[in-house]
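Okay, here's what each chain looks like letter by letter:
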Amino acid sequence: MAEEEPEAEAGQAADKSGKGVVGAFGQSLKTLRVRAGMEREELGKRLGYSASTIASFEQGRRIPPPRAIDRSDEVLDAGGLLKVWKDQLEKAQYPVFFQGMAQLEKQAVELLMYDTMVVNGLLQTEEYMRALLSMRRPPLDEETIEQRVTARLARQDIFDRRPAPLLGFVMDESVLRHRYGGRQVIRGQLEHLLLIGRRRNVELQVMPTDCEDNAGVNGPFTVVTRKDGKKFLYVEAQNTSSLTTDPEQTVLAAARYGIIRSQALTPRESLEFIEKLLGEL
């Protein structure tokens with residue numbers, strides 16, 4: 001237990017640091033708005049937000065998206081004083097345990113993901129995200145939920161990146177059968193999986209519950225290959241995570257994923273299976 005405490009303390013410190021960045025940006029935004037003689041209502045109108053949302057930005061309760069930061073800088077004639085916060089704010093929008101992985105996703109040429117509990121974040125619909133985040137215990141406040149949804153949706157830009165990375169998803173059948181959020185939420189999620197699963201750079205597979213062999217019984221994991229060829233193994237559970245570059249572990253994880261993929265339904269069979277589930281709703 002003692003060995004884990006420094007890591008936990010480091011995570012807490014990083015979390016506080018992230019909140020400090022958000023708060024400092026909010027103060028800068030307010031100072032520049034007041035200097036420009038502009039009310040929150042007017043700034044919100046120019047940015048496409050309500051006055052209450054501008055207040056949440058200024059008070060550090062919500063992180064503005066990059067386009068809002070750019071537009072604020074222009075509208076308030078800040079001369080780049082707000083834009084310089086973009087990288088730090090982007091990092092702060094993710095939970096501390098996921099920040100390293102969020103950066104890796106942007107550099108990946110291949111992502112191999114095995115999931116056993118919920119639909120992978122890169123595949124989630126907004127409604128499904130909100131359902132999952134609303135179930136957290138202890139409960140998340142509304143600002144945090146909005147922040148997490150915005151950040152998770154932004155990660156899905158990976159599907160439109162050029163050149164397109166290779167994306168492999170294998171998920172247990174049970175993931176698709178959980179009705180988190182209710183029938184309509186799951187219907188929308190399954191329909192979304194059918195659309196994503198037809199992309200040329202995506203392989204989406206289902207591990208059926210009646211499969212007698214499954215090399216993934218130790219739980220979910222992700223193998224990332226970066227542009228320089230370096231591999232990473234990411235494992236997450238209970239708001240903690242590990243990200244390793246140890247060659248032995250990453251090579252074995254990639255090999256394990258290959259076995260899992262061979263044991264699961266093929267991509268074509270998996271889409272047919274999802275269509276079947278959709279018809280049963």
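Residues numbered from 1 in each chain as written. Predicted model: local features only at pLDDT ≥ 70, side-chain atom pairs only at ≥ 80, totals over all residues. Heavy atoms only, no water.

1. Digging into the overall build of the chain
Okay, so step 1: Helix and strand counts for the chain come out as 12 helices and six strands.
Okay, so step 2: Taken over the C-alpha atoms alone, the chain extends approximately 70 × 45 × 40 Å along its principal axes.
Okay, so step 3: Counting only residues that meet the buried cut, the chain has 43% of its 281 residues in that class.
Okay, so step 4: Contacts in the chain between residues at least 24 apart in sequence constitute 70% of all its contacts with a sequence separation of at least 6.
Okay, so step 5: Carbon and sulfur atoms make up 50% of the accessible area of the chain, which amounts to about 15100 Å² in all.
Okay, so step 6: Here the chain carries 39 positive and 42 negative side-chain charges, and the mean point of each set is 6 Å from the other. (Helix = DSSP H or I, 4+ residues; strand = E, 2+ residues; numbered from the N terminus. Buried < 20%, exposed > 50% of the residue type's maximum accessible area, 1.4 Å probe, protein only. Contact = heavy atoms within 4.5 Å. Areas by Shrake-Rupley, 256 points an atom, 1.4 Å probe, with all protein chains shown as cover. Lys, Arg positive; Asp, Glu negative; His and termini not counted. Charge placed at Lys NZ, Arg CZ, Asp CG, Glu CD.)

2. Points about the packing of aromatic side chains
Okay, so step 1: Scanning the entire structure with this criterion turns up six aromatic pairs.
Okay, so step 2: Ring plane angle 80 degrees and centroid distance 5.4 Å describe the contact between Tyr49 and Phe57, whose orientation is recorded as edge-to-face.
Okay, so step 3: Note on Phe221 and Tyr257: the rings are 6.5 Å apart at their centroids and 90 degrees apart in plane angle, and the pair reads as edge-to-face. With Phe221 in strand E4 (residues 221–226) and Tyr257 in helix H11 (residues 247–263), this residue pair connects regions lying 36 residues apart in the sequence.
Okay, so step 4: Judged by relative accessible area, Phe221 falls into the buried class, the value being 4%. (Phe/Tyr/Trp six-rings, centres within 6.5 Å; stacked < 30°, edge-to-face > 60°.)

3. Topic: the sheet that holds strand E1 (residues 108–115)
Okay, so step 1: Ordered by their spatial adjacency, six strands build an open sheet running E3-E2-E1-E4-E5-E6, and the pairing between neighbours is mixed. At either end of the open sheet lies a strand with only one pairing partner, and these are strand E3 (202–207) and strand E6 (240–244). Averaged over all pairs of adjacent strands, the angle between their axes in this sheet comes to 10 degrees, without regard to strand direction. (Pairing = 2+ DSSP bridges. Axes fitted to C-alpha atoms, helices over the stretch in contact; angles between N-to-C directions.)

4. What about the packing of helix H2 (residues 40–47) against helix H4 (residues 66–75)?
Okay, so step 1: For the pair H2 and H4, the least separation of the axes is 10 Å and the interaxial angle reads 120 degrees. Put simply, H2 runs oblique to H4. Here H2 runs over H4; the crossing is right-handed. Each of Leu43, Arg46 and Leu47 in H2 lies in contact with H4, whose residues at this interface are Ala68, Arg71, Ser72 and Val75.
Okay, so step 2: Class assignment for the residues of the contact of H2 with H4 results in four nonpolar, one polar and two charged. (Parallel < 35°, antiparallel > 145°, perpendicular 65-115°, else oblique. Left-handed = near helix turned anticlockwise from the far one by under 90°. Nonpolar A, V, L, I, M, F, W, Y, C, P; charged D, E, K, R; others polar.)

5. Observations regarding the packing of H2 against helix H3 (residues 51–58)
Okay, so step 1: It is at 8 Å that the axes of H2 and H3 come closest, and there the two elements cross at 100 degrees. Classified by the interaxial angle, the pair formed by H2 and H3 is roughly perpendicular. Judged by residue contacts, Arg40, Glu41, Leu43, Gly44 and Leu47 of H2 engage Ala51, Ile54, Ala55 and Glu58 from H3.

6. As for the pairing of E4
Okay, so step 1: Most of E4 sits out of view: five of its six residues are buried.
Okay, so step 2: Where E1 meets E4, six bridges bridge the pair, whose relative direction is antiparallel. Bridge pairing in E4 links Leu112 to Val223.
Okay, so step 3: Here E4 hands over to strand E5 (residues 231–237) after four residues, with Gly229 in that stretch at a positive phi of 90 degrees.

7. Points about the environment of Ala78
Okay, so step 1: Structurally, Ala78 can be placed in the loop between H4 and helix H5 (86–92).
Okay, so step 2: Judged by relative accessible area, Ala78 falls into the buried class, the value being 6%.
Okay, so step 3: In sequence terms Ala78 and Ser28 are 50 residues apart; their C-alpha atoms lie 9.8 Å from each other.
Okay, so step 4: Other than its neighbours up to four places away in sequence, Ala78 contacts Leu32, Arg35 and Asp73.

8. Quick look at the nonpolar core
Okay, so step 1: Leu111, Leu123, Phe159, Phe169, Leu176, Leu190 and Leu193 are the most contacted members of the largest nonpolar core, which has 41 residues in total.
Okay, so step 2: In terms of residue count, helix H10 (residues 183–196) provides more of this core than any other element does, six residues in total.
Okay, so step 3: Discounting residues that sit within four places of it in the chain, Leu190 has contacts with Leu176, Ile274, Leu277, Leu278 and Leu281. (Core = buried A, V, L, I, M, F, W, Y, C linked by side-chain atoms within 4.5 Å.)

9. Details of the pairing of E5
Okay, so step 1: Here E4 pairs with E5 via four bridges, running antiparallel. By the bridge assignment, Val224 is partnered in E5 with Phe232.
Okay, so step 2: Where E5 and E6 come together, five bridges link them in antiparallel fashion. Within E6, the residue paired with Glu236 across the bridge is Ser241.
Okay, so step 3: Here E5 folds back onto E6 in antiparallel fashion, the turn holding two residues, of which Gln238 has a positive phi close to 50 degrees.

Coordinates in, geometry out; function isn't part of it.
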